Amino acid sequence: MTARPAPRIGLGRLSLNQATVKHLGLADAAALCARHGIPAIGLWRDRVAAVRGAGLHVSSLCRGGFFTHADPAARRAARADNRAAVIEAAELGADALVLVCGGLVPGSRDLGLARRMVADAIGDLVPEAQRLGVRLAIEALHPMFCADRSVIASLGEAVELADQFPADAVGVMVDTYHVWWDARLADEIARASGRIAGYQVCDWMLPLPQDALLGRGHLGDGVIDFGPVSAAVTAAGYHGYVEVEIFNADVWAAPADQTAATVRARFAAAFGSGEPAGSGVPG
C-alpha cells in the first residue's frame, strides 16, 4: 500500500478491546475505560454481565465462529452456541459479532470442505442476525493460523464470503495484525465498502514469541504502517470505533492503568486526539 498519513480519527472513536487487559474482570475494565476517557469497549463473551450498567458503547462482541467440526453433533452444538452469541450481541447493542471461522476439520486436509462448512454455517445464522439487528463480522486471520483458527486467511476471502449475504447482516472485520502484509490490501478494503463492520489495530512485533498469537504490540512498537490502512478504511466509508486489541504477555503483566494510558497516548499519536473522548457515539 502507498504510504499515506493516517486520517485524524480522534480519541472519541477509541475503543479498548477487553483482551488488551486480559486479567481484568469487566467491571474493572469498564472503570479503567472511564478513568482514561475511553468511550467504548470490545467485549469477550465470557465477561459480559457487568457491561449493561457501565455506560460504555460496545464496539464488538468476541466471538462467534469455529464452525468446522467433523462430528455432526459438534457442528450442531457450534451452531447453537453461535445463535446464543447473536442473542447476546443484540442484548448488548454491539456494533458487530466477530466471527473467527475455524480451521481445518479435524482429521482432514481439505481446505475447500472447511470453507464450505463456514459458508453454510454463516448462512444458517443470517436469518437470526437479521431478525435481531445484529451484524456478523467475518474476521480474516493471518495465514499462519489457517490450520487451527481460520481458513479465511485474507481480507479478500472474507469479502467474497460476506458478499454472499445481505450487507446489513454480514460484514468484515479489518484487523491490522492479520491483514497488513497483503499486497492487495488497498483494493480489498475498497471492495469492502459498505461491508466494514469494525476496525481493530495493534502492531506486529518481531521477533515472534513461541506462541505467535501473542506477538501483538502497542501502536508504534512494531512494523505496521497504519496510515495507508486507516486511510483506505476511512475512504471505504467506515467511521465507527477503532478497537485496540493486543494479545501480549508483557502487556497483560503490566499495570492496567499503565496499559490504558499507553493505548490512549499511542492512539492519539497515530490518529490524532480530535474531539474529547466521551463526546458522543460516532456516527
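We now turn to the structure provided with this report.

Reading the values: the criteria
- Residues numbered from 1 in each chain as written.
- Predicted model: local features only at pLDDT ≥ 70, side-chain atom pairs only at ≥ 80, totals over all residues.
- Heavy atoms only, no water.
- Helix = DSSP H or I, 4+ residues; strand = E, 2+ residues; numbered from the N terminus.
- Rg over C-alpha atoms; globule rule 2.2 N^0.38 Å.
- Buried < 20%, exposed > 50% of the residue type's maximum accessible area, 1.4 Å probe, protein only.
- Contact = heavy atoms within 4.5 Å.
- Areas by Shrake-Rupley, 256 points an atom, 1.4 Å probe, with all protein chains shown as cover.
- Lys, Arg positive; Asp, Glu negative; His and termini not counted.
- Charge placed at Lys NZ, Arg CZ, Asp CG, Glu CD.
- Phe/Tyr/Trp six-rings, centres within 6.5 Å; stacked < 30°, edge-to-face > 60°.
- Lys NZ or Arg CZ within 6 Å of the ring centre and 35° of its normal.
- Salt bridge = Lys/Arg side-chain N within 4 Å of Asp/Glu carboxyl O.
- Pairing = 2+ DSSP bridges.
- Right-handed = clockwise from strand over helix to strand, strands pointing away.
- Patch = residues over 30% accessible without salt bridge, like charges linked within 9 Å, V, L, I, M, F, W, Y side chains within 5 Å.
- Axes fitted to C-alpha atoms, helices over the stretch in contact; angles between N-to-C directions.

A count of helical and extended segments in the chain gives nine helices and 10 strands. By the compact-globule yardstick of 19 Å for 283 residues, the chain fits well, its C-alpha radius of gyration being 18 Å. When its C-alpha atoms are laid out on the principal axes, the chain stretches across 50 × 45 × 35 Å. For the chain, the residues scored as buried account for 55% of the 283 residues in total. Excluding contacts between residues fewer than 6 apart, the proportion of contacts in the chain whose partners are at least 24 apart in sequence is 76%. Accessible surface, the chain as shown: approximately 11300 Å² in total, 53% of it carbon and sulfur. Of the side chains in the chain, 25 bear a positive and 30 a negative charge, and the two mean positions are spaced by 2 Å.

Tallying each qualifying case throughout the model produces six aromatic pairs. Taken together, the ring pairs in this structure connect Trp44, Phe247 and Trp252 into an aromatic cluster. In this structure, arginine 216 is placed above the aromatic ring of tyrosine 177, and the distance from its NZ or CZ to the ring centre is 4.4 Å. The ring of phenylalanine 247 is capped by arginine 216, whose NZ or CZ atom sits 4.4 Å from the centre of that ring.

So, about the pattern of salt bridges. Close approach of charged atoms allows side chains with opposite charge to pair. By the definition in use, this model includes 13 salt bridges. With a shortest N-O distance of 3.1 Å, aspartate 124 and arginine 83 are connected by a salt bridge. One end of the pair, aspartate 124, is in helix H3 (residues 111-132); the other, arginine 83, is in helix H2 (residues 72-92), and 41 residues separate them in sequence. Given a relative accessible area of 33%, aspartate 124 falls into the partly exposed group. We classify arginine 83 as partly exposed; its relative accessible area is 34%. Among the ionic pairs, arginine 216 bridges to aspartate 175, the shortest N-O distance being 3.8 Å. Separated by 41 residues along the polypeptide, arginine 216 in strand S9 (residues 216-217) and aspartate 175 in strand S6 (residues 170-175) bring together distant segments of the chain. Residue classification places arginine 216 among the buried residues on the basis of a relative accessible area of 3%. A single network of salt bridges, built from pairs that share partners, joins Glu160, Arg184, Glu188 and Arg191.

Of all six residues that make up S6, six are buried, and the element is covered over most of its length. Both strand S5 (residues 136-139) and S6 contribute to a ladder of four bridges, which runs parallel. When the sheet's bridge partners are listed, leucine 136 is paired in S6 with valine 170. What joins S5 to S6 is helix H4 (residues 155-162), and the crossover it makes is right-handed. Sheet topology places S6 next to strand S7 (residues 196-201); four bridges connect them, and they run parallel. Bridge assignment links aspartate 175 to a residue of S7, and that residue is glutamine 200.

Further remarks concern a nonpolar patch on the surface. A surface patch of nonpolar side chains, amounting to about 350 Å² of accessible area, comprises Met144, Leu206, Leu208 and Val223. Within the secondary structure, valine 223 sits in the loop between S9 and helix H7 (226-235).

Turning next to the environment of cysteine 101. Among the structural elements, cysteine 101 can be located in the loop between strand S4 (97-100) and H3. Assessed through its relative accessible area of 0%, cysteine 101 is described here as buried. Along the sequence, cysteine 101 and threonine 68 sit 33 residues apart, while their C-alpha atoms lie 7.6 Å from each other. If sequence neighbours within four positions are ignored, cysteine 101 has contacts with Gly65, Phe66, Phe67, Thr68, Val118, Ile122, Ile138, Arg149, Ser150 and Ile152.

One closed barrel holds the eight strands; their spatial order is S1-S2-S3-S4-S5-S6-S7-S10, and the pairing between them is parallel. Geometrically, the sheet is characterised by an average inter-axis angle of 30° between neighbouring strands, direction not taken into account. Of the strands in this sheet, strand S1 (14-17) and strand S2 (40-44) are in contact with helix H1 (residues 26-35), which crosses S2 at around 160°. Across the sheet, H3 lies against S4, S5 and S6, angled at about 150° from S5, the strand it touches most.

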